[in-house]
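Below are the chains, spelled out letter by letter.
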Amino acid sequence: MITFLVAIALLVLGYFTYGVFIERVFAVKRQRQTPAFTMRDNVDYVPMKTPRNALIQLLNIAGVGPIFGPILGALYGPVAFVWIVIGCIFAGAVHDYLTGMISIRNHGAHLPQLAGKFLGKSMKHIVNGFAILLLLLVGTVFVTSPAALLANLTSFNVPLILLAIFAYYLLATLLPIDKIIGRIYPWFGALLLFSALGIGLGLVFTGAPIPELSFQNMHPEGAPIFPLLFLTISCGALSGFHATQTPIISRTTENEGNGRRIFYGMMIAEGIIAMIWAAAAMSMFHGEQSLSAVLAAGGPAAVVSAVSTQMLGAIGGTLAILGVIVLPITSGDTAFRSARMIIADYLKIDQRKIAKRIWIAAPLFIMSYALTHIDFTLLWRYFSWANQTTAVIALWVGTMYLVLARKPHWVTSIPAVFMTMATFTYMAYAPIGFGLSLEVSYVFAAAGTLIAIALFMKRVRRLSRATFAVDEPEVPTGAPLSSIKRAIAPSS
């Protein structure tokens, strides 16, 4: 398992090298007051300590994505390891860090507001609708998967478990962030760490047969590595869902100097989780039942159950499965919370009164419950496409910020161009898209990518001729929220 261990080491090394470089590129200002203090409302804007913020950020972003995605991506073989390492260090962690830090510099703005400011007012409306769609899909995917796992562990039926999870989601969405999420996440974090470390150490001490580095496509159906692998493994390498979650923590971060640990570091941690589960799934290539057979019989959840019980026994396996269940639940709750905050910002609805929070949240839960009746595999495909498209938008926002700030933009522009090509190819090739041949899809994607670059350059020229501040001015602590919202209105 040389490839596996080297990949883990590279992820850790990336945090201490490339992570430091990205922090220097952004140029943090430790003396600048963060929105947690200047906009404190004790609901969404609440100062919290770095260890708690980091743990909440990890649990927010690490849903079933870094488990189910790598398990499905393991069908392609060890090439999945390459994408997790390179994608996490040079794309995903950079994406998360810049999204969080740019949000801090812009009063805790969410992605639609940032897209409106940097990419144009029309993009604010487009991204707002797109972000709500993604969060609805996330909330739904991240309620059905833990419900199925819990149903296998208990005698309760799935509908009852769904209602219980939705009840928790409602409370986590409505109450101040430090009342539920800030208090119970440390306990959830302990389960998460036990699950990931238990499986990882189990792989090492049992000598699991993990394939070594090879670019051979091991997928039994011969599905093309590009673009499918890059859409299948998202949360463990690069995920647009994270761009909807980082502003939650940008509103509770006490100092800009904590950003690398919170945003870049927690994405590296998620990459390690993804590596562990990809390796665990790949080890099943050599078992009595092949990985493809287990997936066909029960999906990624069946792989989780099989790996956990084989590695850790009945009791340890049950605890590991509970750790896996924690991941989607602790991302689903903040998905709905983020959706509520984005809608409130878009409609300029103050969130201090709980009645106004209920008015926004209730329709979201009704729509999500209706979506739970759709096949999980189909939902996952739409989620994968929406997820990476959102990542593309966030990367272009980061690129615009760096270009206008006269900083090295290649750290985001290269991943942005690559993922734009990948998502356009997927849109053209996949059955949920246009269903074109792979060759025609490449041509379609190349044309779409060139158009995206041209539109971006047009926007750069326009903003370069005007007086444009990439960072919003600091707001005096306790200033009226109405004046702050006017200050962050997106430029045309």
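Look a little higher up for the structure.
Throughout what follows, the structure given in this document is the object of discussion. Every chain is numbered on its own, with residues counted from 1 as its sequence reads. Under the rules for a predicted model, residues below a pLDDT of 70 receive no local features and side-chain atom pairs below 80 are neither given nor counted, while totals for whole chains, interfaces and linings still include all residues. Where side-chain values are given, they derive from all heavy atoms of the structure, hydrogens and water being excluded.

**Some words on the overall build of the chain**
To keep things clear, this is the line we draw: Numbering goes from the N terminus for both helices and strands, where a helix is a DSSP run of H or I of at least four residues and a strand is a run of E of at least two. We compute the radius of gyration from the C-alpha atoms alone; for a globule the expected value is 2.2 Å times N to the 0.38, where N is the number of residues. Categorising residues by exposure relies on relative accessible area from a 1.4 Å probe, with only protein chains included: less than 20% of the type maximum marks a residue as buried, more than 50% marks it as exposed, and the intermediate range marks it as partly exposed. Contact between two residues is taken to exist if any of their heavy atoms lie within 4.5 Å; hydrogens are not considered. Per-residue accessibility takes into account occlusion by the displayed protein chains alone, with areas from the Shrake-Rupley method and a 1.4 Å probe. Positive charge is attributed to Lys and Arg, negative charge to Asp and Glu, and no charge count is given to His or to the chain ends. Every charge is mapped onto a representative atom, which is NZ of Lys, CZ of Arg, CG of Asp or CD of Glu.
Scanning the chain for helices and strands turns up 19 helices and 0 strands. Against the globule reference of 23 Å for 492 residues, the chain gives a C-alpha radius of gyration of 21 Å, in line with a compact fold. In terms of overall dimensions, the chain has a C-alpha envelope of 65 × 50 × 40 Å along the principal axes. The burial tally for the chain puts 61% of its 492 residues in the buried class. In the chain, once contacts between residues fewer than 6 apart in sequence are set aside, the share between residues at least 24 apart is 84%. As presented, the chain carries roughly 18500 Å² of accessible surface, and 68% of it is formed by carbon and sulfur atoms. A distance of 12 Å separates the average location of the 33 positive side-chain charges in the chain from that of its 19 negative side-chain charges.

**Describing the packing of helix 2 (residues 18-26) against helix 6 (residues 79-105)**
How we decide: Note on geometry: axes are C-alpha line fits, over the in-contact stretch for helices, and angles between N-to-C directions span 0 to 180 degrees. Crossing chirality is assigned from the near helix's rotation relative to the far helix, an anticlockwise turn below a right angle marking it left-handed and a clockwise turn marking it right-handed. Throughout this entry, Asp, Glu, Lys and Arg are counted as charged residues, while Ala, Val, Leu, Ile, Met, Phe, Trp, Tyr, Cys and Pro are counted as nonpolar. The remaining residues, Gly among them, count as polar.
Running from N to C, helix 2 and helix 6 cross one another at 35°; their axes reach a closest spacing of 11 Å. Here helix 2 runs over helix 6; the crossing is right-handed. Only Ile-89, Phe-90, Val-94, Tyr-97, Leu-98, Met-101, Ile-102 and Arg-105 of helix 6 make contact with helix 2, whose side of the interface consists of Tyr-18, Ile-22, Glu-23 and Phe-26. Here the contact of helix 2 with helix 6 is composed, by residue class, of 10 nonpolar, no polar and 2 charged.

**Description of unusual backbone geometry**
Cis geometry is adopted by the peptide bond preceding Pro-227, which originates at Phe-226 and carries an omega value of 15°. Checked against the element boundaries, Pro-227 lands in helix 11 (residues 225-232).

**Details of the side chain of Thr-412**
Mapping Thr-412 onto the fold places it in helix 17 (residues 410-429). Here Thr-412 is in contact with Val-94, Leu-98, Leu-395, Gly-398, Thr-399 and Leu-402, once residues within four sequence places are set aside.

**Observations regarding helix 6**
Using the following cut-off: A helix is expected to span 1.5 Å for every residue after the first. The angle between axes fitted to the seven residues ending at a residue and the seven residues starting there is what we call the bend at that residue.
Between its first and last C-alpha atoms helix 6 spans 37 Å; for 27 residues at 1.5 Å apiece the expected length is 39 Å, and the two agree. In helix 6, a bend of some 55° at Cys-88 exceeds every other bend along the element. The element helix 6 is extensively covered by neighbouring structure, given that 24 of its 27 residues are classed as buried.

**Structural notes on the environment of Leu-450**
Mapped onto the secondary structure, Leu-450 falls in helix 18 (residues 438-464). Placed 267 residues apart in sequence, Leu-450 and Arg-183 show a C-alpha to C-alpha distance of 47 Å.

**Focus: a nonpolar patch on the surface**
The condition that has to hold: Patch criteria: residues need more than 30% relative accessible area and no salt bridge. Like-charged residues are merged within 9 Å; nonpolar side chains of Val, Leu, Ile, Met, Phe, Trp and Tyr are merged within 5 Å. Any carboxyl oxygen of Asp or Glu that lies within 4 Å of a side-chain nitrogen of Lys or Arg is treated as forming a salt bridge with it.
Taken together, the side chains of Leu-5, Leu-193, Leu-197, Leu-201, Val-204 and Phe-205 present a nonpolar region at the surface, about 610 Å² in accessible area. Ranked by residue count, the leading element in the nonpolar patch is helix 10 (residues 181-205), at 5 residues. Relative to the helices and strands, Leu-193 resides in helix 10.

**Some details on the packing of helix 11 against helix 17**
Selection rule: Just so you know how the angles are binned, under 35 degrees is roughly parallel, over 145 roughly antiparallel, 65 to 115 roughly perpendicular, and the rest oblique.
Where helix 11 meets helix 17, the axes come as close as 9 Å, and the angle between the chain directions of the two elements is 105°. Between helix 11 and helix 17, the interaxial angle falls into the category roughly perpendicular. For the pair helix 11 and helix 17, contact is made by Phe-226, Pro-227, Leu-228, Phe-230 and Leu-231 and by Phe-418, Met-419, Met-421, Ala-422, Thr-423, Thr-425, Tyr-426 and Tyr-429, respectively. Tallied by class, the residues present in the contact of helix 11 with helix 17 amount to 11 nonpolar, 2 polar and no charged.

**Observations regarding the packing of aromatic side chains**
This is how the line gets drawn: Stacked, tilted and edge-to-face are the three classes assigned to paired rings of Phe, Tyr and Trp, where Trp is represented by its six-membered ring and a pair needs centres within 6.5 Å; plane angles under 30 degrees give stacked, over 60 edge-to-face, the rest tilted. A ring has a charge above it when a Lys NZ or an Arg CZ is no more than 6 Å from the ring centre and no more than 35 degrees off the ring normal.
A complete count under the given rule lists 26 aromatic pairs for this structure. Both rings, one in Tyr-18 and one in Phe-90, keep their centres 4.7 Å apart while their planes meet at 65°; by these two values the pair is edge-to-face. Of this pair, Tyr-18 sits in helix 2 while Phe-90 sits in helix 6, and the two are 72 residues apart along the sequence. Assessed through its relative accessible area of 37%, Phe-90 is described here as partly exposed. Ring geometry for Phe-434 against Phe-444: centres 5.8 Å apart, planes inclined by 70°, an arrangement best described as edge-to-face. Of this pair, Phe-434 sits in the loop between helix 17 and helix 18 while Phe-444 sits in helix 18, and the two are 10 residues apart along the sequence. In this structure an aromatic cluster arises from ring pairing among Phe-166, Tyr-168, Tyr-169, Phe-336, Phe-365 and Tyr-369. Directly above the aromatic system of Tyr-15 lies the positively charged group of Arg-260, at a separation of 4.6 Å from the ring centroid. Lys-407 extends its terminal NZ or CZ atom over the ring of Phe-26, reaching a point 5.3 Å from the ring centre.

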